[in-house]
Amino acid sequence: MNGLSKGIRKVEIALRWDPSPSGEPSTDLDLVAAPYLEGDPHGDPAYVVHFDSRSPDGTITLSRDSQDGKGFGYDEVMTLELDRLDRRYGRVVVGVVVQQHQARRTFSEVGNPGLRIREGYDVLAEDDFGGVPGVAAATVAEFVREGTGRWEFRAGVHGFDGDPVDFPREMGAARRA
C-alpha cells in the first residue's frame, strides 16, 4: 500500500452454490463473521454475526441468506463496513459453514461452491473450496487493523476439522504452523 491508501474500508463477501439434486436434502452454506478485541485478537470473539443476526452497531450485515442455493448468481452476501467498526476491535475473521441439517456434508459434497471477496469493484479473492474438500467449515478471510488504523486483508481458505457447531468459537484461534 502506498502512503495515500486508506486501507480496506467496506467489503462484500459472497457465496454461491448449486441446489441439491432433486430428491436429495437441500444444501445450506452460511457466512459467519466475528470481530475480536484489539487486546485479545485470538481470544473469544466479541460477538458473532450469522444468519438471522447482525452486529450490534450495524457494521456487519448479512443482506442475502439462502438455505438451498436456488438463487441466481451469489446466494448469500455479507457486508463488512470496517471503516465504521469501533476502534476497540483489531481483527475480524470470516468463515463459511456447511450446515448439517439433514445429512452430513463437506465442501466436496456441495455442488459448484464459490466464494468472492471484493471491495467496490475490486475483487480481492475468489475460491472454490477445492483446497478444503473434506471439512464442513473454513475461515475465508481475515482483516487486521494496522497501527495506523487502516485495515489490511489477509486472504486464505483454511479448513476447520471439527464439529461445525464449535466453529464460531474456534475460528479466530491462532493457526498452528
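See the structure above.
Quick caveat, the model's predicted, so the values are computed rather than measured.

Rules of the game
- The residue numbering used here restarts from 1 in each chain and proceeds along that chain's sequence as written.
- Reporting of local features is limited, given that this is a predicted model, to residues whose pLDDT is at least 70; pairs of side-chain atoms are given and counted only at 80 or more, and all residues count toward the totals for whole chains, interfaces and linings.
- Only hydrogens and water are set aside; all other atoms, that is, all heavy atoms of the structure, feed into the side-chain values.
- Under the DSSP-based scheme used, a helix requires at least four consecutive residues in state H or I and a strand at least two consecutive residues in state E, with every element numbered from the N terminus.
- Each residue's exposure class comes from its accessible area (1.4 Å probe, protein chains only) as a fraction of the maximum for that residue type: buried when under 20%, exposed when over 50%, partly exposed otherwise.
- Only the protein chains shown count as covering a residue, and every accessible area follows the Shrake-Rupley method with a 1.4 Å probe.
- Pairing between strands requires that DSSP locate at least two bridges from one strand to the other.
- When two rings of Phe, Tyr or Trp (its six-membered ring) have centres within 6.5 Å they constitute a pair, described as stacked for plane angles under 30 degrees, edge-to-face for angles over 60, and tilted for the intermediate range.
- By definition, being over a ring means that NZ of Lys or CZ of Arg is both within 6 Å of the ring centre and within 35 degrees of the ring normal.

Student: Before we move on, could you go through the overall build of the chain and cite the residues and values that matter?
Tutor: The number of helices and strands found in the chain is 1 helix and 9 strands. When the elements of the chain are put in sequence order from the N terminus, they spell out β-β-β-β-β-β-β-β-β-α. Here the chain holds 177 residues, and 45% of them are scored as buried. In the form shown here, the chain has an accessible surface area of approximately 9,200 Å², with 46% of it arising from carbon and sulfur atoms.

Student: Now, about the pairing of strand β9 (residues 151-159): what can you tell me, with residues and values included?
Tutor: Bridge analysis of strand β8 (residues 137-145) against β9 gives 7 bridges, and the strand direction is antiparallel. For Ala 141, the partnering residue across the bridge sits in β9 and is Ala 155. Hairpin connection, β8 to β9: the antiparallel pair is bridged by 5 residues, and Gly 149 has positive phi, about 100°.

Student: Tell me about the pairing of β8, residues and numbers included.
Tutor: For β8, a buried count of 9 out of 9 residues is recorded, marking the element as mostly surrounded by other parts of the structure. Strand direction decides the pairing type here: strand β5 (residues 89-98) and β8, joined by 7 bridges, are antiparallel. In the sheet register, Gly 95 faces β8, and the bridge partner there is Thr 139.

Student: So what about the packing of aromatic side chains? Which residues, and what values?
Tutor: Enumeration according to the criterion identifies 4 aromatic pairs in this entry. Between Tyr 47 and Tyr 89, the aromatic rings sit 5.9 Å apart at their centres with planes inclined by 85°, giving edge-to-face as the arrangement. You can see Tyr 47 sitting in the loop between β2 (29-37) and β3 (60-64) and its partner Tyr 89 sitting in strand β5, a full 42 residues away along the chain. Across this residue pair, the class does not change: Tyr 47 and Tyr 89 are buried. For the ring pair Phe 143 and Phe 153, a centre distance of 5.3 Å and an interplane angle of 35° mean the geometry is tilted. Taken together, the residues Phe 143 in strand β8 and Phe 153 in strand β9 connect sequence positions 10 residues apart. Overall, Phe 153 belongs to the buried group, its relative accessible area being 17%. Residue placement shows Arg 91 over the ring face of Tyr 36; its charged tip is 5.3 Å from the ring centre.

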